[in-house]
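So the chains spell out like this:
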Amino acid sequence: MIVGIGVDLVEINRIGKACEKEGFLNKCYTEDEVRLIDNNWQKAAGNFAVKEAVAKMFGTGFRGFSPKDIEVLRDSLGKPYVNLYGKAAQMAKDRQISYIHVSITNTKDYANAFVVGEKID
């Protein structure tokens, strides 16, 4: 059963400029994400869009947890997936969200993410 959905669109250049500041990277991305991004601002923007979309899926925005509590990585085929930590993980548990489906798409200028939170009985 679908518990929530979220979508977000970000400008790649805006995220790239923010990522040039180490404080932004450390505040918003986990160590594994920083290694994955490796100065690829398109990936950074896609990950940030997923974080925003997950916050929207919860229906709260970033109230009570930080972007770093949502980690976005890729499997061996490049498919994105989400790991939740801290208060974001607790929110998912409270809402009985057992799986988050993720899709990211990019153009030259924008990164878009769509997520679906699913309760699996």
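As recorded by an unreviewed UniProt entry, the protein chain carries the name Holo-[acyl-carrier-protein] synthase and is attributed to Herbinix hemicellulosilytica. Annotation of the protein chain in UniProt includes, under Catalytic activity (unreviewed entry), the sentence "apo-[ACP] + CoA = holo-[ACP] + adenosine 3',5'-bisphosphate + H(+)".

Participant: Would you mind going over the UniProt feature "binding site: Mg(2+)" (unreviewed entry) in the protein chain with me for this structure?
Facilitator: The feature "binding site: Mg(2+)" (unreviewed entry), as given by UniProt, occupies Asp8 and Glu52 in the numbering adopted here. Spanning 45 residues, the annotated positions come together in the fold, the maximum distance between their C-alpha atoms being 6.1 Å. Excluding residues within four positions of it along the chain, Asp8 makes contact with Ala49, Glu52, Ala53, Lys56, Ala111, Asn112 and Ala113. Looking at the element boundaries, Glu52 is found in helix α4 (residues 41-58). Overall, the relative accessible area of 21% leaves Glu52 in the partly exposed class. Once residues within four sequence positions are removed from consideration, Glu52 is found in contact with Asp8 and Phe62.

Scoring rules and cut-offs
- Residues numbered from 1 in each chain as written.
- Predicted model: local features only at pLDDT ≥ 70, side-chain atom pairs only at ≥ 80, totals over all residues.
- Heavy atoms only, no water.
- UniProt positions renumbered as here; feature names shortened; annotations may be inferred.
- Contact = heavy atoms within 4.5 Å.
- Helix = DSSP H or I, 4+ residues; strand = E, 2+ residues; numbered from the N terminus.
- Buried < 20%, exposed > 50% of the residue type's maximum accessible area, 1.4 Å probe, protein only.

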